[in-house]
Amino acid sequence: MHPDTSSQSGPDGGQSVQPWTDRRASGPHDLAPVYPALEEKGTPWARYLAALRRYKWIVVLVTVLGAAVGAAVSTLMDPVYLAQATVWVEDDPGDRGPIQPDQLMGQAGWIDLLKSFAVLDSAVLQVKLFLGLESSEYSDLFSEFELRNPFAPGDYRLSVDADGTRLSLATALGLPVEQAAVGDSLGRQVGFAWVPPPGMLSPGAEIDFSVVRPRDAARELADDLRITTSRNSNLLRVELEGADAALTTATVNAVVDGLVEVAAFLKRAKLTELVTILAEQLAQAEGNLQRAEIALERFRVNTITLPSDAPVAAGLQVTQGPVLTRFFELRLERDRVARERDAILAALDSAGDSRFSVSALEIIEAVQNSSEVTALLAELTQRQADLRALRYQYTDDHPGVQDAQQAVRDLESTTLPSLLRGLAGGLALREAQLDAQIETGSEELRQIPRRVIQEARLRREVDVAVNLHNTLQERHEGAKLAEVSSIPDVRILDAAVEPVTPFRNTDSRYVLMGLMLGLGMGVFGTVLRDRMDRRVRYPDQVAVDLGLQILGVIPHFKRGGNGSRGGRSDPVIEAMRGVRMNLLHSHGTAGPLIVTVTSAGPGDGKSFVAANLAVSFAEAGFRTLLVDADTRRGTLHRVLKLERKPGLTDYLNGQASATEIVRDTELDSLQFVASGTRTRNAPELLGSTAMTDFITNLRTGSQTTAVIIDTPPLAAGVDAFTMSTMTGNLLLVVRIGSTDRELAGVKLDILDRLPVRVLGAVLNDAPADSAYSYYSYYLQGYEHESEEGSPPRRLPVPSS
């Protein structure tokens, strides 16, 4: 079916074109984008997967390289030994008896204590972890090495002269520190307490070593220690890995020994502090007890001559709780009734300005308990819903809408207010009744004798003071016994034994680490490269970043295909049909469709799209004119096997008439205008009055219903901008994986300042297995097949 060819003419007889600032084309009905943006919420996983598929060989290469580096590193690493010890922690049995103290800390606290500096500092000093030696063969030479405060950490070198009689200590940079005879103390100036054993030094020997602060060594040891335990177990397993089996074992044993020693010290200190605190609290409790007893005695002396209130006191103890409870329940009930009455009256007052708020009434308990009001609110809600449904179909003048409005008004103005006023009146009556009951209850409470209450309070203070004194005295005696008999809560169950064989083979571990690192770097590099890629690759980059409607997606098409093998041209043909449909929908029905086809840069396939789009319009029965306005490098005449001259430039120069440049093609409904003679002033010719007259004649004076104008890219010059202002419409061709997004964005910003309506974008050369397949109009197995005798199917025009 042909589009409506009736046009809306401007003052010049052509279509009136207004300045356009929105890139999204709006037709006569303010159409939404043909294709929504495929913008993912959160992390764009689909985009990352597409990038991984695109650069999969780079990821594989980097992963293999990482595995190779891991294998090389594993050959340079020393073997790893594991030393472990087991510590038993006493649990808390609950009833510990009269002389056993409480447990020092919980299970998690023991782990923190084991990694504290109080334990690790002593272990570092004991096994000399502050020393760094190049080889363990010199460990006996430093067996008596100690540190004094202050000392100077750093790298040092011990040298023996050629005679083997004198020693020299210098820094790693060669600065001398101290000299001494063999067998004398060395390093006193830098805080070392050290006498190197004479029998272990050979003449001319040089030994490099380093000294660090014990606290720094303790921090490193805390990071290396691995402590494991289970929830229902009292055992702590302490493990340490290292390249020196003997040093690793000695370190683990020093750590657990230090734990037992510190735990015993803390246990004794805790008990001593507890005894002191309990003694102070016991003395304060004795003073409080004496003051409470004196106050009770004075009260009894002052009231000994007054009549006894024993019967009242007995009755008071029985009735005091229920009387007070009932009194406050009445107060709460009265406040609730008052709030609900005020809420109902507020709803009635607000109904004069607006509708009843059904949700506000439904939360009132009195309304919920009234079946009549609840049913009426449900009916009002239903009638309001019916009224909204009728308004979707009819205007307010429709009888059904008026009847529904009248029913809602009757409920809101008469029925519902009447019921609510009756309900509010009942609540006011209930409020008055509750006020009378509250007044009666308060009179009853005033009759309770204050002297009995005062005596009961003093007696209670004495009882509390006695109980507190007895409890503190019992705890004080128990803490004193526990202090005398305290034992540590932790014991060494299994000491560490020096391992003979390495703990594990690290070759596979480093290979796996290299593999994972290479894979991570490959994936990260791929994602980073995809993020920094300036080329258009995803639909949302066109629909969101560039702000264009996607009118269609042209799949990848190989040149030279004859269309007979596997139907390679079928997806392209269907895609062109989809572009044609969406282009007509975006353009609207005001006059013939005249559109400028261009691209941001070269090689995007604009001529391929323009030619095939013209063929698609012609095959659909439109009288179509294809104009090659690419006066710089136009080649559509070769595709259609026609002459280039005379053409458009010849007509604009006055060297040819309009009838001479319009040529027929193999399709009856398709005519073609070639680019014409090459000339340097072609951009000026495209903006000339002759070109304006040519476009105006196409709009008003010809039978053509579709005009497709191919122009140079936007980056090539002003040609495309000039032609788009002439036609008023522009179709942008974007090539997947080729078009520069930044270039396209800059050119579209220029178009925003021109009277041009950008109808949308056509995505060209889309991969078959990408997200663009969802835009396809082609489904395998549903191709149109030609029976014998039917016209042959025309193939897409090959790209130039």
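Here is a short report on the structure shown in this document. (Residues numbered from 1 in each chain as written. Predicted model: local features only at pLDDT ≥ 70, side-chain atom pairs only at ≥ 80, totals over all residues. Heavy atoms only, no water.)

What to know about the pattern of salt bridges
Pairing is possible between side chains of opposite charge, provided their charged atoms come close.
Turning to step 1, where the next piece is worked out: The full count for this structure, using the stated rule, is 17 salt bridges.
Turning to step 2, where the next piece is worked out: Asp710 serves as the salt-bridge partner of Lys606, at 3.2 Å between the closest nitrogen and oxygen. Linking Lys606 in helix H16 (residues 606-619) with Asp710 in strand E17 (residues 706-710), this pair joins segments that are 104 residues apart in sequence. As far as burial versus exposure is concerned, Lys606 and Asp710 are alike and both buried.
Turning to step 3, where the next piece is worked out: Across the pair Asp765 and Arg735 runs a salt bridge, and its minimum N-O distance is 3.4 Å. Placement of Asp765 in strand E19 (residues 757-766) and of Arg735 in strand E18 (residues 729-735) is noted, with a sequence separation of 30 residues between them.
Turning to step 4, where the next piece is worked out: Residue Asp765 is classed as buried on the basis of its relative accessible area, which comes to 18%.
Turning to step 5, where the next piece is worked out: Three or more residues joined by partner-sharing salt bridges are found here, namely Arg334, Asp335, Arg341, Asp342, Glu431 and Asp435. (Salt bridge = Lys/Arg side-chain N within 4 Å of Asp/Glu carboxyl O. Helix = DSSP H or I, 4+ residues; strand = E, 2+ residues; numbered from the N terminus. Buried < 20%, exposed > 50% of the residue type's maximum accessible area, 1.4 Å probe, protein only.)

What to know about helix H22 (residues 719-727)
Side chains three or four residues apart in an α-helix point the same way, a direct result of the helix having 3.6 residues per turn.
Turning to step 1, where the next piece is worked out: With respect to burial, H22 is a largely interior element, eight of its nine residues being buried.
Turning to step 2, where the next piece is worked out: Looking only at H22, the buried set comprises Asp719, Ala720, Phe721, Thr722, Met723, Ser724, Met726 and Thr727.

Section: a nonpolar patch on the surface
Turning to step 1, where the next piece is worked out: Together, Leu512, Leu515, Met516 and Leu519 make up an exposed nonpolar region whose accessible area comes to about 340 Å².
Turning to step 2, where the next piece is worked out: Tracing the chain through its elements places Met516 in helix H13 (residues 507-532). (Patch = residues over 30% accessible without salt bridge, like charges linked within 9 Å, V, L, I, M, F, W, Y side chains within 5 Å. Areas by Shrake-Rupley, 256 points an atom, 1.4 Å probe, with all protein chains shown as cover.)

Topic: the pairing of strand E4 (residues 154-160)
Turning to step 1, where the next piece is worked out: Strand direction decides the pairing type here: E4 and strand E8 (residues 206-211), joined by six bridges, are antiparallel. Opposite Asp155, over in E8, you have Ser210 as the bridge partner.
Turning to step 2, where the next piece is worked out: Relative to strand E5 (residues 166-171), E4 runs antiparallel, the two being bridged by five bridges. Following the sheet pairing, Ser159 is matched in E5 by Ser168.
Turning to step 3, where the next piece is worked out: Adjacent in sequence and paired antiparallel, E4 and E5 are bridged by five residues, among which Gly164 carries a positive phi angle near 75°. (Pairing = 2+ DSSP bridges.)

Regarding the side chain of Thr249
Turning to step 1, where the next piece is worked out: You can see Thr249 is positioned in helix H6 (residues 245-302).
Turning to step 2, where the next piece is worked out: Look at Thr249 and you get buried, because its relative accessible area is 6%.
Turning to step 3, where the next piece is worked out: With residues up to four places along the chain from it excluded, the contact list for Thr249 reads Ala83, Ala496, Val497, Glu498 and Pro499. (Contact = heavy atoms within 4.5 Å.)

Here's the deal with helix H23 (residues 741-752)
Turning to step 1, where the next piece is worked out: The first and last C-alpha atoms of H23 sit 16 Å apart over 12 residues, in line with the 16 Å expected at 1.5 Å per residue.
Turning to step 2, where the next piece is worked out: When we look at burial in H23, the residues that qualify are Arg741, Ala744, Gly745, Lys747, Leu748 and Leu751.
Turning to step 3, where the next piece is worked out: Elements that come into contact with the buried residues of H23 comprise helix H14 (539-545), H22, E18 and E19.
Turning to step 4, where the next piece is worked out: A side-chain oxygen of the first residue of H23 lies 2.9 Å from the backbone nitrogen of Glu742; this N-cap is Asp740. (Expected span 1.5 Å × (residues − 1). Polar contact = N/O pair within 3.5 Å; in protein donor to acceptor, adjacent residues only side chain to side chain.)

Points about the sheet that holds E18
Turning to step 1, where the next piece is worked out: Taking strand neighbours across the sheet as the criterion, the eight strands line up as E12-E19-E18-E13-E17-E14-E16-E15 in an open arrangement whose pairing is mixed. At either end of the open sheet lies a strand with only one pairing partner, and these are strand E12 (550-555) and strand E15 (662-664). Put simply, the sheet's adjacent strands are angled 25° from each other on average, direction ignored.
Turning to step 2, where the next piece is worked out: Strands in contact with H16 are E12, strand E13 (593-599), strand E14 (624-628), strand E16 (670-673), E17, E18 and E19; relative to E17, the strand with the most contacts, it is inclined by about 165°. (Axes fitted to C-alpha atoms, helices over the stretch in contact; angles between N-to-C directions.)

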